[in-house]
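Below are the chains, spelled out letter by letter.
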Amino acid sequence: MIASASAGFDQYRDNITHGVVETIEYNSTTVGNVRKAMVYLPPCFSSEMTYPVLYLLHGIGGDEKEWHTHGSPAIILDNLYADDLIQPMIVVCPNGRAMSNDRAEGDLFESEKIRAFERFESDLMQDLIPHIESCYPVAQTRDRRAIAGLSMGGGQSLNIGLRNLDHFTWIGAFSAAPNTKSPEFLVPDPAETSSLLSLLWLSCGDQDNLIQISADVHEYLKQQGIPHIWYEESGGHDWPVWKNDLYLFSQRLFK
Ligand code: FER
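A brief look at the structure comes next. Fair warning: this is a prediction, and the values are worked out from it, not measured in the lab.

### Re the packing of aromatic side chains
The way to describe two aromatic rings as a pair is by their centre distance and the angle between their planes.
(1) Moving on: Summed over all chains, the structure comprises 10 aromatic pairs.
(2) Moving on: A ring pair is formed by Trp67 and Trp239, whose centres lie 5.2 Å apart and whose planes are at 85°; its orientation type is edge-to-face. Taken as a pair, Trp67 in helix 1 (residues 66-70) and Trp239 in helix 8 (residues 239-251) lie far apart in primary sequence, 172 residues in all.
(3) Moving on: For Trp239, a relative accessible area of 12% corresponds to the buried category.

Here it is as structure tokens:
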């Protein structure tokens, strides 16, 4: 039984040390332009340290700003850090729609835009991660990178994370969307995946129409004996669920 976030977890506290959020730009060879991402540096950030990185992905209606506009990740993580409940970490929120116009506008379900969420794997692996690792004092080993996201970003986290276990060992999918590949495709070799993973987290609101996608992945993982967390919580396809997920998932990272 996993207890949901305690009251006030997402309320700004004056009397603690705060992290810093900045917008960065990087050159994407994948898309052929300059792309934006948002970077959270933890409280007491020092370039003398070496930090692990969580890549935190948005949904179909969002962009690199979505988590910070709706999910208060900086407040949630600052509070957890003040209470000594998380490891200090850098959190990168990219734009997961890897195409030249990556704004969330027009018909979001258009096939070109859905394909752009697939193309993001190359943008992340070839362009963004190398950029982050050249600009920030971050660890460059597989056990010091995490990937998680909500909905389309949850599907991307499973699709990209499980295919690149030489780069990520902490993977989280919050309310994963229909872009999620089939569990058999995601985990063709259960023994190998089990031996490489540090954490595989699946969660979804019990009122979410997409819950069957996560439940099917969970069922397969269970059948195959692959260690993972399956957390069904009360709520729909919405921010209270994803904020609660970030609060719980981040506490398990890099420990
Ligand atoms: C779909 C329903 C929902 C779908 C994607 C979503 C690709 C994504 C929702 C979200 O990101 O919030 O059929 O197909």
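### Digging into the pattern of salt bridges
Side chains that differ in charge, positive against negative, can pair when their charged atoms come close.
(1) Moving on: Throughout the structure, instances matching the rule amount to 16 salt bridges.
(2) Moving on: For Arg13, the salt bridge is made with Asp83, and the minimal N-O distance between the two is 2.8 Å. Here Asp83 lies in the loop between helix 2 (73-82) and strand 4 (90-93) and Arg13 lies in the segment before strand 1 (20-28), a separation of 70 residues in the sequence.
(3) Moving on: Accessibility expressed as a relative area gives 41% for Asp83, which makes it partly exposed.
(4) Moving on: Between Lys36 and Glu25 there is a salt bridge; the shortest N-O distance is 3.2 Å. With Lys36 in strand 2 (residues 33-41) and Glu25 in strand 1, the pair connects residues that are 11 residues apart, well separated along the chain.
(5) Moving on: Using a relative accessible area of 37% as the deciding quantity, one classes Lys36 as partly exposed.
(6) Moving on: Here Glu25 falls in the partly exposed class, since its relative accessible area comes to 48%.

### As for the environment of Leu108
(1) Moving on: In this fold, Leu108 is placed in the loop between strand 4 and helix 3 (111-135).
(2) Moving on: Each C-alpha atom of the pair Leu108 and Leu186 lies 25 Å from the other, and the pair is 78 residues apart in sequence.
(3) Moving on: Sequence-distant contacts of Leu108, defined by excluding residues within four places in its chain, comprise Ile60, Gly61, Arg97, Lys113 and Ile114.

### Focus on the packing of helix 2 against helix 8
The description of two helices packed together rests on the angle between their axes and the distance between the axes.
(1) Moving on: Two elements in contact, helix 2 and helix 8, have axes whose closest approach is 10 Å; the angle formed by their N-to-C orientations is 40°. Classified by chirality, the crossing of helix 8 by helix 2 is right-handed. Across the interface between the two elements, Pro73, Ile76, Leu77 and Leu80 from helix 2 touch Lys243, Leu246, Tyr247, Ser250 and Gln251 from helix 8.
(2) Moving on: Residues that form the contact of helix 2 with helix 8 fall into these classes: 6 nonpolar, 2 polar and 1 charged.

### Brief notes about the site of the ligand
(1) Moving on: Contacts to the ligand come from Gly59, Ile60, Phe109, Ile114, Ser151, Met152, Ala177, Pro178 and His237.
(2) Moving on: Here an oxygen atom of the ligand and a backbone polar atom of Ile60 are 2.7 Å apart.
(3) Moving on: Measuring from an oxygen atom of the ligand, one finds a side-chain N or O atom of Ser151 at 2.8 Å.
(4) Moving on: For the ligand, whose accessible area on its own is 360 Å², the fraction buried by protein is 74%.

### Brief notes about the sheet that holds strand 3 (residues 53-57)
(1) Moving on: Strand order in the open sheet formed by 8 strands is 1-2-4-3-5-6-7-8, and the pairing between neighbours is mixed. The open sheet has two edge strands, strand 1 and strand 8 (229-233), and neither has a second partner. Strand-to-strand twist across the sheet, computed as the mean angle between neighbouring axes with direction ignored, equals 20°.
(2) Moving on: Taken together, the 9 bridges between strand 1 and strand 2 define a ladder with antiparallel strand orientation. Opposite Ser28, over in strand 2, you have Asn33 as the bridge partner.
(3) Moving on: Those strands touched by helix 3 are strand 1, strand 2, strand 3, strand 4 and strand 5 (145-150), and its axis lies near 120° from that of strand 1.
(4) Moving on: Running over the sheet, helix 7 (residues 211-223) touches strand 7 (199-205) and strand 8 and is turned about 145° from strand 7.

### What to know about helix 2
(1) Moving on: Of all 10 residues making up helix 2, 7 are buried, and the element is well covered by its neighbours.
(2) Moving on: Every buried residue belonging to helix 2 is among Pro73, Ala74, Ile76, Leu77, Asp78, Asn79 and Leu80, and all of these are buried.
(3) Moving on: Immediately downstream of helix 2, the backbone of Asp84 shows phi near 60°, a positive value.

### Remarks on unusual backbone geometry
(1) Moving on: Even without glycine at this site, Ser151 takes up a positive phi of about 55°.
(2) Moving on: Counting through the fold element by element, Ser151 comes out in the loop between strand 5 and helix 4 (152-163).
(3) Moving on: A positive phi angle, near 55°, is found at Ser175, a position not held by glycine.
(4) Moving on: Secondary-structure assignment places Ser175 in the loop between strand 6 (170-174) and helix 5 (183-186).
(5) Moving on: For Ser175, a relative accessible area of 0% translates into the label buried.

Definitions and cut-offs
- Residues numbered from 1 in each chain as written.
- Predicted model: local features only at pLDDT ≥ 70, side-chain atom pairs only at ≥ 80, totals over all residues.
- Heavy atoms only, no water.
- Phe/Tyr/Trp six-rings, centres within 6.5 Å; stacked < 30°, edge-to-face > 60°.
- Helix = DSSP H or I, 4+ residues; strand = E, 2+ residues; numbered from the N terminus.
- Buried < 20%, exposed > 50% of the residue type's maximum accessible area, 1.4 Å probe, protein only.
- Salt bridge = Lys/Arg side-chain N within 4 Å of Asp/Glu carboxyl O.
- Contact = heavy atoms within 4.5 Å.
- Axes fitted to C-alpha atoms, helices over the stretch in contact; angles between N-to-C directions.
- Left-handed = near helix turned anticlockwise from the far one by under 90°.
- Nonpolar A, V, L, I, M, F, W, Y, C, P; charged D, E, K, R; others polar.
- Near = heavy atom within 4 Å.
- Polar contact = N/O pair within 3.5 Å; in protein donor to acceptor, adjacent residues only side chain to side chain.
- Areas by Shrake-Rupley, 256 points an atom, 1.4 Å probe, with all protein chains shown as cover.
- Pairing = 2+ DSSP bridges.

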